[in-house]
Every structure is written in structure tokens, then in C-alpha cells.
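Each chain, letter by letter, is given below.
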Amino acid sequence: MKKYLVIGNPIEHSQSPLIHNHWMKKYCLFDSIYEKRKVEERNLKNIVKEIRDNEIVGVNVTVPFKKLIIPFLDKLDSTAKKTESVNTLFKVKNKIVGYNTDEPGFALTMRELFPDANNSLMQKTLRGKNIFVLGAGGVTSSIIHTLENEGAKIFLSNRTKKKAEELKKKYTEIKVLDWGKRPSICDIVINTTSIGLTKDEEIKIDFSDYDKNFHKNLLFYDLIYNPKETVFLKKARLRGNKTMNGKMMFLNQAKYAFNIWTNIMPEIDDEVIKLLD
Ligand code: ATR
């Protein structure tokens, strides 16, 4: 059997096995199986050894190990290096390589959201857009990486301001705001914090009077997809704003990871999308 894993802590909530096992069946990889495993930090070294020894073929890494796994790897792809975040492991020519597929997963989601901007390949999808990012945790650097590449102006706010300032050292297009403050103009608000993972948990920032003139065009985007609608998104929807959860980004990162392991670019069709409902 070819074994694949997602590792994290907690891991019970992970939907990755559902998606990858579906694709493995669909593309007739009947000798492959994808499982979840709860691990502790002290187990990371051994997970990498299991890949080295061909006991595991590929691994997805999730919270809180995306950065902690890095010292055990032989090589990183360029995005993983810049973001210091790894979510996919695979052995290539006897080297254990760490990849970041969250970043291209989010970039693709943005390009699909703003297709008009893609008329020219040279066009940056988010040029001229003001984007307010909440949080500075493990996944935030991947989001910022895309936003900067796509030409956005970024406002960043995190409860622990120091972590936002650390990110600013690596990405020039950031203005750091105190937690609770909002930029005066904004096209998209993105929640990258973990607030909302537990039902009814709420971000204590009031957006109710936010940007009245552009109310309808303002997009509230939450990386969380389970629950499907966080309080952050629900309130925005009730105010008449556009909303989107993290489902497509999750599926896109899974698609790129599957491609790294199998060379197959799996299809994100209605059947896969429905698996997460
Ligand atoms: P880590 O910070 O260890 O990378 P994470 O789950 O990747 O963990 O990130 C959690 C994010 O949600 C952080 O931005 C965190 O803010 P702090 O850096 O101040 O901890 C944010 N977060 C979690 N709970 C929060 C809360 N109750 N209020 C504000 N921000 C919160």
C-alpha cells in the first residue's frame, strides 16, 4: 500500500482524507490510502524518517507544525522558503522536500474570484485593491505572499502586534494597524485568525458602519470553512456584503498537493465540493 498522511494537533476535524481518498479512487490509485495522524512536536523527526524509509509516500502538514517541520527537511520550494510555511512533504531524488501549496491555492482562489483582471497574463489580479488582513498566525504569510504578488495594498492587524511587525519585515506592501483599528478604505477583509473555528466565537471588531458607500462591493473572506459560516461572515452577509469561506482555498491546496505526489491534476467538480458540505 502507498500511504499518505495529514499530521497536526488537533487533527480530528481534518477533511483532507475525505478529499484525497476520493481522488485516489477516482483516478484508480487503488493501492493508495490517505489517513490522519495526531502527532506531537517530538514525533516530527520520525515522520520525516518514515518518508525517507518509504513507509509513507506523502504528507500534509497542518496546524501547528507548518513552521516547526522545516528544520527536519532537506529542501524547500521557493514559496515555502519565503513564507516559512510547509504544508506538503514528498521525497524527490532522495531528498525530503517541503512545499507550500496553501499559497498557490489561495492565489488561484483570488484569480477565480477576479477573472476580469486576468485578460492579460501580465496583469496583477489585485492591483489597486486595499486589503485588510486579520491575524498573523501560521497561514497568514501565505496569504500575504499572494496579496503582495498580485499587487494589493495590505493592512495587517494582529492581537499580538509584534507578530504583524515580523511579517512586515519580509513583505514591504504592509501597513500594520493596532488590533481593533480598521483602514478607512477597503475592498476585502480577510480573517486568517482562528476565531470562529468554535461556533459563536466572534472577532471583536465592529464593521457595521464600514465603508457605507461601497457596502455592496466589500468582500468578507474567511479562511475557515468549517463551520461553513462564521459569525464574521454571517454578520457581513446580513449587512449585505459579499462573503466567501475558505473551502475553495482548501480544495485548491489539496489539488496542488495531490499533483506533487501523483503527477495528476485532480478535478474540483461539484462532487468534491459537495463532500465538504
Ligand atoms: P500561531 O499564532 O501559533 O501560528 P495560529 O493558529 O496559526 O497559531 O494563529 C492563530 C491566529 O489567531 C493568531 O493571529 C492569533 O493572534 P495572536 O498572535 O495574538 O495569538 C489569532 N487569535 C486566536 N485567538 C484570538 C483571539 N481570541 N483574539 C484575537 N486573535 C486571536
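All values derive from a computational prediction rather than experimental measurement. (Residues numbered from 1 in each chain as written. Predicted model: local features only at pLDDT ≥ 70, side-chain atom pairs only at ≥ 80, totals over all residues. Heavy atoms only, no water.)

### Some details on the overall build of the chain
Thought 1: The helix and strand inventory of the chain stands at 9 helices and 12 strands.
Thought 2: Taken against the 2.2 N^0.38 rule, which gives 19 Å for 277 residues, the C-alpha radius of gyration of the chain at 19 Å falls within 12% of a compact globule.
Thought 3: Referenced to the eigenvectors of the C-alpha coordinate spread, the extents of the chain come out at roughly 60 × 40 × 40 Å.
Thought 4: Contacts in the chain between residues at least 24 apart in sequence constitute 63% of all its contacts with a sequence separation of at least 6. (Helix = DSSP H or I, 4+ residues; strand = E, 2+ residues; numbered from the N terminus. Rg over C-alpha atoms; globule rule 2.2 N^0.38 Å. Contact = heavy atoms within 4.5 Å.)

### Let's talk about the pattern of salt bridges
Thought 1: Using the criterion set out here, one finds 16 salt bridges in the structure.
Thought 2: Across the pair Glu84 and Lys67 runs a salt bridge, and its minimum N-O distance is 3.7 Å. With a gap of 17 residues between them, Glu84 in the loop between α3 (78-83) and β5 (88-92) and Lys67 in the loop between β3 (58-61) and β4 (75-76) connect regions that are remote in the sequence.
Thought 3: On the basis of relative accessible area, Glu84 is assigned to the partly exposed category, the value being 35%.
Thought 4: Since its relative accessible area comes to 51%, Lys67 is described here as exposed.
Thought 5: Between Lys161 and Asp178 there is a salt bridge whose closest N-O contact spans 2.7 Å. In this pair, Lys161 is assigned in helix α6 (residues 161-170) and Asp178 in the loop between β9 (174-177) and β10 (188-191), connecting sequence segments 17 residues apart. (Salt bridge = Lys/Arg side-chain N within 4 Å of Asp/Glu carboxyl O. Buried < 20%, exposed > 50% of the residue type's maximum accessible area, 1.4 Å probe, protein only.)

### Observations regarding the domain arrangement of the chain
In many reports, interface size means the accessible area that the parts give up when they come together.
Thought 1: By the assigned domains, the chain splits into domain 1 (2-100 + 248-275) and domain 2 (104-245).
Thought 2: Contacts between domain 1 and domain 2 engage 15 residues on the former and 21 residues on the latter.
Thought 3: Two residues, Glu84 and Lys170, come together in a salt bridge whose shortest N-O distance is 3.0 Å.
Thought 4: The interface formed by domain 1 and domain 2 contains 6 residue pairs in polar contact (both at pLDDT 80 or more).
Thought 5: Going through the elements one at a time, α3 and α8 (247-262) are the ones with two or more residues in the side of domain 1 that touches domain 2.
Thought 6: Tallying contributions element by element places α8 first for the side of domain 1 that touches domain 2, with 7 residues.
Thought 7: Among the residues forming the side of domain 1 that touches domain 2, the class breakdown is 4 nonpolar, 7 polar and 4 charged. (Domains from an automatic or database assignment. Polar contact = N/O pair within 3.5 Å; in protein donor to acceptor, adjacent residues only side chain to side chain. Nonpolar A, V, L, I, M, F, W, Y, C, P; charged D, E, K, R; others polar.)

### Examining the site of the ligand
Thought 1: Taken together, the neighbourhood of the ligand is formed by Gly135, Ala136, Gly137, Gly138, Asn158, Arg159, Thr160, Lys163, Trp179, Thr193, Ser194 and Ile195.
Thought 2: Note that an oxygen atom of the ligand is positioned 2.8 Å from one of the backbone N or O atoms of Gly138.
Thought 3: Note that an oxygen atom of the ligand is positioned 3.2 Å from one of the backbone N or O atoms of Ser194.
Thought 4: Here the ligand loses 67% of its free accessible area of 620 Å² to cover by the protein chains.
Thought 5: Classifying every residue of the shell around the ligand gives 3 nonpolar, 7 polar and 2 charged. (Near = heavy atom within 4 Å. Areas by Shrake-Rupley, 256 points an atom, 1.4 Å probe, with all protein chains shown as cover.)

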